[in-house]
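Inside the fold
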Amino acid sequence: MSVILKNCLLIEGLSNILIEEGKIVDIKPSEQSETFGTVNETIDIKGNLVIPGVIDAHVHVRDLQQAYKEDWETASMAALAGGVTTIFDMPNTLPATINLKNLNIKRKAAEMSLVNYKFFIGATNSNQKDIEEILDKNAPDIAGIKVFLAGSVSNETVTDEDILKQVFELAKQYDKVVVIHTELQELLDKWQQRLPYNNILKHNAIRNRQCAIKGTELVLRLSEVIGNKIYIAHVSTFEEIELIKKYKCNNQVFCEVTPHHLLLNESILEKVGNIGKVNPPLRSEKDNAALWQAINNGIADTIGTDHAPHTIEEKQQEYEKAPSGFPGLETCLLLLLNEVNEGNLKLEKLIELTSNNPAKIFQLEKRGEIKVGNFADLSVIDLNKKWKINASAFRSKAKYSPFDGIEVKGKVMMTFVDGKILDVSKEVIYGTI
Ligand code: NCD
Ligand code: ZN
Ligand code: ZN
């Protein structure tokens with residue numbers, strides 16, 4: 001089966017892409033299309049921009065006992081709608097992905113996925129043997145190890161420094177990246193006692209920035225000694241950026257920024273309330289500026305959504321009970337394309353952060369770049385289309401967002417995974433060109 005995508009606007013110019021058995025086998029300037037010979041199908045992309053599909057290293061798919069929040073089908077439909085072709089699922093599910101038995105339960109559920117996926121194994125204070133057992137099998141669906149240094153949302157934690165070191169050693173031995181939620185439980189407890197508020201407007205004060213800064217400092221220090229690769233998830237403060245800058249050498253330290261920590265700060269909470277409750281919390285304008293700088297000077301390696309769906313009823317509970325997190329798969333690329341249109345982000349940089357870099361860091365083979373030999377994971381973008389983010393139309397089960405109602409320029413028109421436009425409510429999800 002061969003398909004030509006005609007008139008794709010690539011960074012290199014207007015091109016035709018020949019796809020066979022899900023892989024890109026040739027790319028030619030548009031005027032030379034006849035040299036491809038006979039093909040089964042031709043799809044006219046009509047000069048729209050084509051970028052490598054987004055690889056999102058930070059997704060909470062849920063499913064299993066939390067399928068009421070999200071499942072593999074709805075999460076992957078949300079991914080497709082957002083131009084995301086690969087998702088890495090976090091281990092804080094019920095049951096948690098902390099041993100082979102639970103991993104296998106998740107593997108079964110993930111067969112529903114419409115996009116490529118991998119799993120993180122969660123570390124606990126007592127499961128190094130389980131991690132070893134999984135890594136020993138060298139399975140290609142393991143993205144790496146995830147460590148939470150504090151409670152966030154129904155997650156296991158590693159609170160013992162010696163155990164953390166052992167997890168880092170394991171990761172080094174198997175050449176796996178350790179992704180870390182770096183807020184420190186010890187400091188969280190301290191600040192919570194000091195500031196007994198019960199108000200979303202104080203979330204940033206209660207889950208104080210020091211909790212994240214100190215945890216980030218700790219993992220940078222330990223990983224430098226051990227020599228393993230770490231990936232600091234959802235960096236949210238300017239102090240962490242400074243620390244990462246200091247420790248970033250030898251390709252051992254990577255960091256991720258989310259669209260919400262980049263584009264929002266705690267001032268939005270007056271308007272959106274608990275919808276904007278997330279860990280780490282939304283911070284300040286000064287932090288937004290530092291994250292932008294990190295993007296533009298190469299300190300930030302990736303953009304991850306931290307897609308964290310909960311039901312609207314859960315989010316509408318009082319501050320203390322409302323879970324942290326909100327969906328992000330369907331807004332990420334739109335928000336970033338809008339920044340490209342605003343002149344704040346170069347298109348090449350967007351591609352690097354959302355696709356090239358995650359593929360390199362997590363050693364994905366034949367993905368993350370539009371080139372001959374790679375799988376045809378592609379997002380087709382109309383950079384000029386104005387669009388209003390409408391959370392009620394999300395494919396995710398979580399139909400709310402702190403970005404709801406925001407107008408953006410730039411829209412995902414089609415998403416190809418392994419060269420296929422998957423046949424789910426095609427006209428609704430992908431739009432038509
Ligand atoms: C995440 C979730 O809901 O699973 N919530 C969040 O606020 N980010 C957990 C996490 O990534 O910390
Ligand atoms: Zn987290
Ligand atoms: Zn997360």
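Let's talk about the coordination of the zinc ion (ligand 3)
Tetrahedral coordination by four donors places them ideally at 109.5 degrees to one another around the metal; octahedral coordination by six donors ideally gives 90 or 180 degrees. Each protein donor to the zinc ion (ligand 3) is listed here as H58 (NE2), H60 (NE2) and D306 (OD); together their distances run 2.0 to 2.1 Å. Taken together, the four donor atoms surrounding the zinc ion (ligand 3) define angles of 88 to 135° at the centre, an arrangement classified as tetrahedral. Each donor residue of the zinc ion (ligand 3) belongs to the same chain, with the gaps between them written as H-x1-H-x245-D. Between the zinc ion (ligand 3) and the zinc ion (ligand 2), the interatomic distance is 3.6 Å. Placement of the pair is H58 in strand 6 (residues 54-59) and D306 in the loop between strand 13 (302-303) and helix 12 (312-315), with a sequence separation of 248 residues.

Some details on the side chain of E256
Looking at where E256 falls in the secondary structure, it is placed in strand 12 (residues 253-257). No salt bridge is formed by the buried E256; its nearest oppositely charged neighbour, K146, is found at 7.4 Å. Side-chain polar atoms of E256 contact the side chain of Y231, separated by 2.9 Å. At 2.8 Å, the side chain of E256 and the backbone nitrogen of H234 are in polar contact. Ignoring any residue separated from it by four or fewer positions in sequence, one finds E256 in contact with A57, H58, Y231, I232, A233, H234, V235, T302 and G304.

Section: the coordination of the zinc ion (ligand 2)
Protein-derived coordination of the zinc ion (ligand 2) comes from H181 (ND1) and H234 (NE2), at a distance range of 2.0 to 2.1 Å. Coordination at the zinc ion (ligand 2) is irregular, judged from the four donor atoms that bind it and the angles of 54 to 142° they form at the metal. Note on H234: relative accessible area 3%, which makes it buried.

Notes on helix 11 (residues 285-296)
Between its terminal C-alpha atoms helix 11 stretches 17 Å, which fits the 16 Å expected from twelve residues at 1.5 Å a residue. Within the span of helix 11, buried status applies to D287, N288, A290, L291, W292, A294 and I295. Residue G298 follows helix 11 closely and has a positive phi angle near 85°.

Remarks on the pattern of salt bridges
Per the counting criterion, the structure on display carries 18 salt bridges. A salt bridge links K214 to E217, with the nearest nitrogen and oxygen atoms 3.8 Å apart. One end of the pair, K214, and the other, E217, are both in helix 7 (residues 209-226), three residues apart, so they sit about a helical turn from each other. Judged by its relative accessible area of 28%, E217 falls in the partly exposed class. The shortest N-O distance in the salt bridge between K349 and E352 comes to 3.2 Å. Taken together, the residues K349 and E352, both in helix 14 (residues 347-361) and three residues apart, mark about one turn of the helix. Residue K349 is classed as buried on the basis of its relative accessible area, which comes to 14%. Looking at E352, the relative accessible area reads 29%, which means it is partly exposed. One continuous salt-bridge network, built from bridges that share partners, spans R209, E239 and D287.

Regarding the state of the cysteines
Under the counting rule described, the total for this entry stands at zero disulfides. Between C332, a cysteine without a disulfide, and C255, which holds the nearest cysteine sulfur, the sulfur-to-sulfur distance is 15 Å. A relative accessible area of 4% means that C332 is categorised as buried.

A closer look at unusual backbone geometry
Following L94, the chain continues to P95 via a peptide bond in cis, the omega torsion being 0°. Along the polypeptide, P95 turns up in the loop between strand 7 (84-89) and helix 2 (100-110). Even without glycine at this site, D175 takes up a positive phi of about 50°. Tracing the backbone through its elements, the reader meets D175 in the loop between helix 4 (161-173) and strand 10 (177-181).

Focus on the nonpolar core
If you look at the biggest cluster of nonpolar residues, it comprises 101 residues, and the most contacted ones within it are I87, V147, L164, F168 and L350. Not counting residues within four places of it along the chain, the set of residues in contact with L164 comprises V147, L149, V158, L218, V219 and L222. Membership of the second largest hydrophobic core comes to 17 residues, among which are I17, I43, I45 and I370.

Digging into the site of ligand 1
Of all residues adjacent to ligand 1, which total 16 residues, the nearest are R62, N92, S152, N279 and D306. Side-chain polar atom of D306 to a nitrogen atom of ligand 1: 2.7 Å apart, as the coordinates give it. Taken by itself ligand 1 offers 320 Å² of open surface, and the protein chains cover 100% of this. Residues of the shell around ligand 1, tallied by class, amount to four nonpolar, ten polar and two charged.

What about the confidence of the model for the chain?
On average, residues of the chain score 94 in pLDDT, and 97% of them reach the 70 mark or higher. Across the chain, element-level confidence peaks in strand 6 with a mean pLDDT of 99 and bottoms out in helix 15 (residues 426-430) with 43. Low pLDDT, under 50, characterises residues 423-433; the predicted model gives this stretch 28 contacts beyond four residues in sequence or across chains.

Definitions and cut-offs
- Residues numbered from 1 in each chain as written.
- Chains lettered and ligands numbered in written order.
- Predicted model: local features only at pLDDT ≥ 70, side-chain atom pairs only at ≥ 80, totals over all residues.
- Heavy atoms only, no water.
- Donors = N, O, S within 2.8 Å, 3.2 Å for Na, K, Ca; no water.
- Tetrahedral: all angles 85-135°; square planar, octahedral: opposite > 155°, others 65-115°.
- Helix = DSSP H or I, 4+ residues; strand = E, 2+ residues; numbered from the N terminus.
- Buried < 20%, exposed > 50% of the residue type's maximum accessible area, 1.4 Å probe, protein only.
- Lys, Arg positive; Asp, Glu negative; His and termini not counted.
- Salt bridge = Lys/Arg side-chain N within 4 Å of Asp/Glu carboxyl O.
- Polar contact = N/O pair within 3.5 Å; in protein donor to acceptor, adjacent residues only side chain to side chain.
- Contact = heavy atoms within 4.5 Å.
- Expected span 1.5 Å × (residues − 1).
- Disulfide = S-S within 2.5 Å.
- Core = buried A, V, L, I, M, F, W, Y, C linked by side-chain atoms within 4.5 Å.
- Near = heavy atom within 4 Å.
- Areas by Shrake-Rupley, 256 points an atom, 1.4 Å probe, with all protein chains shown as cover.
- Nonpolar A, V, L, I, M, F, W, Y, C, P; charged D, E, K, R; others polar.
- pLDDT = per-residue confidence, 0-100.

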